[in-house]
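# Architecture and fold: a report
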Amino acid sequence: MNPLFTPKRALYGALGLATLIGLALIGQVLETNQSGYVQVKQAAGTGTMPVRTTPGVYSQAFGSITTYKISDTYDFGSDNPIKVRFNDASTAEIHGQVKYRLPVNQDNIIAIHTDFRSEEAVQADLIRRNVEAAVRQTASMFGAEEVYSTRRADFVQLVNEQIKNGIYATEYTETVRKDEDGNRFVDRETAIKFDAQGKPIISEPSTFKRYDVELVQLTIGDPDFDEKTDELIAKRKEAEQEQVVAKAKAERAKQDAITAQEQGKANVAQAEAEALVIKKKAVIEAEKETEVSTQKALQAEQEKKAIIAKGEADAR
């Protein structure tokens with residue numbers, strides 16, 4: 001008998017092999033669903049698809065398990081931006097992030113699983129395509145400068161609405177206008193179509209609404225415009241800054257003029273006051289001299305009368 005092969009060693013080897021097989025099989029027998037996830041099991045043999053929305057250990061019984069995050073985020077960053085064209089023919093790359101939440105309703109989860117089969121496909125085909133369509137359609141209703149400055153909030157709000165509700169039908173118009181110098185310009189506008197009740201007409205239903213996916217939050221960063229558009233925006237910004245400076249200088253000159261005018265009024269008032277003081281002093285001095293002269297005349301008259309009276313007395 002081989003000394004390396006003994007009944008005891010054979011028993012240990014069999015137990016080890018059985019343990020390995022058991023550990024390998026237990027992964028096909030039991031499956032754990034973590035908190036924050038939902039699982040779809042496709043049973044071996046029958047093909048039934050029960051949905052597990054609560055955490056815990058469940059029987060796998062050699063069926064296939066597909067796991068989805070109930071709440072997740074999708075980034076369309078610098079490595080996979082959404083390329084758009086605005087109604088002024090300028091182009092840009094849009095970066096951002098969307099946070100979404102899958103339904104926990106069994107029928108909706110089964111529908112998502114049947115149509116997409118994996119979490120990666122959900123992000124690529126459900127989330128990305130819906131967000132991309134909404135961003136591109138919204139960009140066609142705005143000019144690049146509007147999104148850069150005055151109507152940024154309107155842009156984000158309209159993207160948000162179309163992700164939730166669906167892609168709005170639009171109509172395109174062109175209007176020719178002239179400036180003060182007689183130069184002709186074409187104003188292009190893409191506007192939303194509304195039905196008789198005043199609601200936007202949906203041309204493409206939202207996949208978010210179809211599968212009851214909740215849009216939790218949408219974040220859109222600054223658009224990355226093409227080089228030509230960046231140059232135009234920079235020139236416009238420089239012109240606006242020069243306009244602000246010129247306006248500030250004009251306002252300062254206006255204030256200086258007002259200040260000078262008020263200062264002149266103050267000087268005139270001061271001169272008038274000084275002249276009035278001098279006049280008052282002269283009047284007072286003249287009145288004083290008149291009073292003194294009057295007193296002297298009265299005194300002289302009294303002296304005259306006294307002399308006459310004395311003369312008459314002496315004569316008598």
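Here, every reference points to the structure presented above.
The notes below deal with the structure included here. Keep in mind it's a predicted model, so treat the numbers as computed, not measured.

Let's shift gears to helix α3 (residues 119-139). Structurally, the α-helix is built with 3.6 residues per turn, so residues lying three or four positions apart point the same way. With 21 residues, α3 should reach 30 Å at 1.5 Å per residue; the first-to-last C-alpha distance of 29 Å fits that figure. Within α3, the axis deviates most sharply at Arg 128, by approximately 35 degrees.

The next thing to look at is the sheet that holds strand β3 (residues 51-52). Within a sheet, adjacent strands bond to each other through the backbone by hydrogen bonds, running parallel or antiparallel. Read from one edge of the open sheet, three strands run β3-β2-β5, paired in antiparallel fashion. The strands lining the two open edges of the sheet, one partner per strand, are β3 and β5 (64-69). Sheet analysis places strand β2 (residues 37-42) next to β5, joined by six bridges and oriented antiparallel. Of the residues in β5, the one forming a bridge with Lys 41 is Ile 65.

Here we take up the pattern of salt bridges. According to the stated counting rule, one finds eight salt bridges in the structure shown. Between Arg 136 and Glu 132 there is a salt bridge, with its nearest N and O atoms 3.4 Å apart. Highlighted residues: Arg 136 and Glu 132, both in helix α3, separated by four residues, approximately one helical turn. A relative accessible area of 19% means that Glu 132 is categorised as buried. As a salt-bridge pair, Arg 151 and Asp 154 come within 3.4 Å of each other at their nearest N and O atoms.

Here we come to the packing of aromatic side chains. Summed over all chains, the structure comprises three aromatic pairs. Ring centres 5.5 Å apart and planes at 65 degrees place the aromatic pair Phe 116 and Tyr 211 in the edge-to-face group. In this pair, Phe 116 sits in helix α2 (residues 106-116) while Tyr 211 sits in the loop between α6 (207-210) and β14 (214-220), placing the two residues 95 residues apart along the sequence. In this pair, the class of Phe 116 matches that of Tyr 211, namely buried. Between the aromatic rings of Phe 142 and Phe 155, the centroid separation amounts to 5.6 Å while the plane-to-plane angle is 80 degrees, which identifies the pairing as edge-to-face. Within this pair, whereas Phe 142 is found in the loop between α3 and α4 (144-148), its partner Phe 155 is found in helix α5 (residues 152-165), the two being separated by 13 residues in sequence.

For the rest of this paragraph, the subject is the sheet that holds strand β7 (residues 82-85). Taken in spatial order, the three strands of this open sheet run β7-β8-β15, and their pairing is antiparallel. Because the sheet does not close on itself, it has two edges, and the strands there are β7 and β15 (224-225). The pairing of strand β8 (residues 91-94) with β15 spans two bridges and is antiparallel. The partner of Glu 93 across the bridge, within β15, is Asp 224. Of the strands in this sheet, β7 and β8 touch α3, which is tilted by about 25 degrees from β7.

So, on to a negative patch on the surface. The grouping of Asp 224, Glu 227, Asp 230 and Glu 231 at the surface amounts to a negative patch. Per-element accounting of the negative patch gives the leading share, three residues, to helix α7 (residues 227-315). Relative to the assigned elements, Glu 227 resides in helix α7. For Glu 227, a relative accessible area of 63% puts it in the exposed group.

Each value, and the rule that gives it
Residues numbered from 1 in each chain as written. Predicted model: local features only at pLDDT ≥ 70, side-chain atom pairs only at ≥ 80, totals over all residues. Heavy atoms only, no water. Helix = DSSP H or I, 4+ residues; strand = E, 2+ residues; numbered from the N terminus. Expected span 1.5 Å × (residues − 1). Bend = angle between axes of the 7 residues up to and from the residue. Pairing = 2+ DSSP bridges. Salt bridge = Lys/Arg side-chain N within 4 Å of Asp/Glu carboxyl O. Buried < 20%, exposed > 50% of the residue type's maximum accessible area, 1.4 Å probe, protein only. Phe/Tyr/Trp six-rings, centres within 6.5 Å; stacked < 30°, edge-to-face > 60°. Contact = heavy atoms within 4.5 Å. Axes fitted to C-alpha atoms, helices over the stretch in contact; angles between N-to-C directions. Patch = residues over 30% accessible without salt bridge, like charges linked within 9 Å, V, L, I, M, F, W, Y side chains within 5 Å. Areas by Shrake-Rupley, 256 points an atom, 1.4 Å probe, with all protein chains shown as cover. Lys, Arg positive; Asp, Glu negative; His and termini not counted. Charge placed at Lys NZ, Arg CZ, Asp CG, Glu CD.

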